[in-house]
Each structure stands twice: as structure tokens, then as C-alpha cells.
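The lines below spell out each chain.
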Amino acid sequence: PNFDAYIPLDTDTVADRLSAYSAVAGQLGGAPADWRVREVGDGNLNFVYIVEGPEGSVCAKQALPYVRLVGESWPLPLSRAFYEHAALIRQAEDAGQDAVPEVHIHDGPQALTVMENLAGHVIWRGALIERQRHDTAAIVLGRFCADTLFRSSDLALDPALKKREVALFSGNDALCRISEDLIFTDPYHDHEMNAVTPGTEDAVAEMRADTVWRVAIQEWKWAFMTRSESMLHGDLHSGSVMVTPPGGGERVRVIDPEFAFYGPMGFDLGAVLANLWLNAGAQPGWGEGWQDQQNWVLDQGGRFWDAFAARFTDLWRTERRGEAMVDRVLRDADEAALEAMLARIQNDALGFAGAKMARRIVGLAGVADLRTIPEMDARAACEIRALRLVGHLVKEAAAIGSVAAATDMARDLL
Ligand code: ADP
Ligand code: MG
Ligand code: MG
Ligand code: MG
């Protein structure tokens, strides 16, 4: 076969096709006939195969020229696989190889990345829905965000290199466009791809009738589109986090950065908070014992922010080698500048958290935490309460001012 032309993999061809890459064959051991292949993709966009050989296993992820969830009617460029592998490499450099799966090979024309198989890990969203408690996840993610956001920004990088990085990731415009549409646009008008839960129509209509809300969401969109602060993961929800069973030695990894681009730091932070708050909001729909679990989940938002702020502060004090926020100007005011920057990032995180929540309640691709609540009435009630929190976050982020204050509000409203 001509491997220069893009050919989609399928379960029957994966072994032969992967045997062409010596780094992969070496990892698996034995011959292609001995390799076991299964497709495990549960995401919205791509195909993911786990391949097990006599000596090891790998994970092969291939992009399709369209959106898996919707089909060929929604084309999407194969280049997203390139940006995903480029982001995985940078995240490993900035946050440590333990933070993300290691990339074995990337094949651009095939839109294929073969990476470390995270054997024994499950998706955190599923674990949260089952009410498992991974006590280190919030801390690991807070640190991950600080490491990747600080070290890819003008706080750390030479300005010329930073601009080249911005230019490189600008090519991922099609994935940015999905976020621009699905998060900041479609939920706010009668778009055919929205999925409004029966019983929530009035709450959704109220949101769309609210002028302040509509102006605020467009301001968040403006920030998302124009503020090239850091290399973002771009899709940092609880379905992009994999964990081993909770308890001593639990491991936490970040996957799936195909939406990576240069944007505002608060966007990744807001994604983590949004998905915690969506899960917290869904807890009453999952019956008995929900208060206790909801409290635990809400506590994780605060722990996440605190871990981020602590690590960001460390990096500010020890690794500020870029040309933004320089000591020769700040002198004795560098701690004041840090405080101001953290305050702004925190406000942004709250606003983007609200934006991300609304999109998962009203738009295409809702979250399982809410969408699989068995009783429709209970589900609608959870979504209405969550939307109320969203309104405060999107419109009043600056007045709320802190993740701690937003958490109190969430305890009240959800
Ligand atoms: P998509 O971009 O389509 O959302 P993901 O990268 O999120 O694809 O992967 C889909 C699923 O494949 C994940 O939910 C996870 O179960 C599995 N998966 C992805 N990467 C790995 C990996 N490195 N090791 C093991 N399983 C993985
Ligand atoms: Mg995914
Ligand atoms: Mg993805
Ligand atoms: Mg100093």
C-alpha cells in the first residue's frame, strides 16, 4: 500500500500497518500476527486502538477527515493530529513525562500518533460518576496547568520563540473554530445542533433573553479569540484525564490535547472547574448520599485552584526569564504584580468555567454526568440549577472574585 496517501486504519489492518514503524514494533515485540487490537475510542472526534504484543502495548490514535460523532457531513482537518502530538511533547517537557502519555511516533500524512498505552487507567469522568474519590487528581491538574501555562508564556519564553509557538499553533484554527461556535455561540441562539433537555426550555429561554448574559458571553469569546497568553490544552475536561484506582499511589494523566492553541490561561482552568461543577450539579440526580459526594467534588475545585496558584507562584519566583513582567522594572513590586496577575487569571477561570458549563448543558455533546441521569425530571432539575450558577459565573466573574467564593455559591445553588 502507498502509505503517503491517507488511509484510515481499522481493527483488521492496525497490526500490519503499525509493523512498518520500527519504534512501535520494538515496543510490542513478536510479529504482527501475535498482536491483539481493540478499538476503544469513546470520544467525539477520533479512533483510538489499543495494541498488545508479547512484550508491551501501545495506543494508536488516528484522526479522521470528519467528526466521528456527526459523520462525513462535518469535515475536520487531519492536521489536528499534528497539533495534538506537538502539544503532548511540549506538555511532557513543561510538566514532566509522567503528566501525559509518551509519544512513540507521529505520522503526519496518516494523522496517526502512536503513544504510551495508559494500561490500568480509566477516564476520570466515569470514576466521578461512580462516586470514586481520587484525592490527588485536583492537585496534579492544578500543578499541570501551572507548569504548562507558565512555561509556554511570555513569563518564561524568549519573546521570539513565544511568537513562533503562537504562529505554529495558529494552524489549528479549525479546532479553535469548534470551540468558538460550540462554547460561545451556538448555545445562545436556536441552533439545530443544540440538545435542550425537556423541562429546561424556560431556563434556556431566560438565558437567551438576558442581554447582560449575551454581552458577557461575547466578551468571554473575545478574550478566547484574541488573548494569546499560553499554549492551552484546549479541551481539559474530566474526559481528558485518566486515573488508576483511587488510594495510595493513584496516578493521574492528561490526554487528548488536539484543541491546543495559544489562548487565555483561564480557559484551561475554567474547563477543569466547569467539569467539577457539572458533576457536583448532577449529584442530586444520582440519588442517596449525594450531599456528601457533592461536597467532596466541590472541595476539589478549591484544591485545584490552590495547587495552581501555589505552583504558579513558585514558577514566578524562580523561572521568570521572559520579557514580560521583568524584575528590572518591577523591582520590589514583583509580588504585587504576581497578585494582580493571579487575580485576573482567577476571574477568567470563573467566566470560562461558566461558558464551558453552559455549552455542556445546552449544546451539542452534553456531559454524561448529567445526560445519563436516569429520571428525566431529576435531570432537568439538576440542569436548571447548574444554569443558574452559570449565569452568575458568566455575568459576575469579577465580582465573585475567587474560586472559594464561587464554590460557596455552588454549594448554595446546586
Ligand atoms: P477523542 O479525541 O476522540 O476524544 P481521546 O484521545 O479522548 O479521543 O481518546 C478516546 C478514548 O481512548 C479515551 O477516553 C480513553 O479511554 C482511550 N485512550 C486515549 N488515549 C489513551 C492512552 N494513551 N492509553 C489508553 N487509553 C487511551
Ligand atoms: Mg477526548
Ligand atoms: Mg479529542
Ligand atoms: Mg524577585
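Here the structure is a predicted model, which is why all the values come from computation and not from measurement. (Residues numbered from 1 in each chain as written. Chains lettered and ligands numbered in written order. Predicted model: local features only at pLDDT ≥ 70, side-chain atom pairs only at ≥ 80, totals over all residues. Heavy atoms only, no water.)

Trainee: Could you give an account of the overall build of the chain, naming the residues involved and the relevant values?
Mentor: A count of helical and extended segments in the chain gives 16 helices and twelve strands. On C-alpha atoms alone, the chain measures out to a radius of gyration of 21 Å, which is about the 22 Å that the 2.2 N^0.38 rule sets for 414 residues. Taken across its 414 residues, the chain has 55% of its residues classed as buried. Across the chain, the fraction of contacts at a sequence separation of at least 24, relative to all contacts at a separation of at least 6, is 73%. Summing over all exposed atoms, the chain offers an accessible surface of approximately 16800 Å²; the carbon and sulfur share of this is 52%. With 39 positive and 60 negative side-chain charges, the chain shows a spacing of 3 Å between the two charge centroids. (Helix = DSSP H or I, 4+ residues; strand = E, 2+ residues; numbered from the N terminus. Rg over C-alpha atoms; globule rule 2.2 N^0.38 Å. Buried < 20%, exposed > 50% of the residue type's maximum accessible area, 1.4 Å probe, protein only. Contact = heavy atoms within 4.5 Å. Areas by Shrake-Rupley, 256 points an atom, 1.4 Å probe, with all protein chains shown as cover. Lys, Arg positive; Asp, Glu negative; His and termini not counted. Charge placed at Lys NZ, Arg CZ, Asp CG, Glu CD.)

Trainee: Explain the pairing of strand β7 (residues 112–116) residue by residue, including any values.
Mentor: Of all the five residues making up β7, four are buried; the element is thus mostly covered by neighbouring parts of the structure. Alignment of strand β3 (residues 57–62) against β7, held across five bridges, turns out to be antiparallel. When the sheet's bridge partners are listed, Gln62 is paired in β7 with Leu112. Pairing of strand β6 (residues 103–107) with β7, which is carried by four bridges, proceeds in the antiparallel orientation. (Pairing = 2+ DSSP bridges.)

Trainee: Outline the coordination of the magnesium ion (ligand 3), listing residues and values.
Mentor: Within the first shell, the magnesium ion (ligand 3) binds the protein through Asp256 (OD), Asp256 (OD) and Glu258 (OE), at distances of 1.9 to 2.3 Å. In this model, the magnesium ion (ligand 3) sits 3.5 Å from the magnesium ion (ligand 2), the two metals being bridged by Asp256. Each member of the pair Asp256 and Glu258 is classed as buried. (Donors = N, O, S within 2.8 Å, 3.2 Å for Na, K, Ca; no water.)

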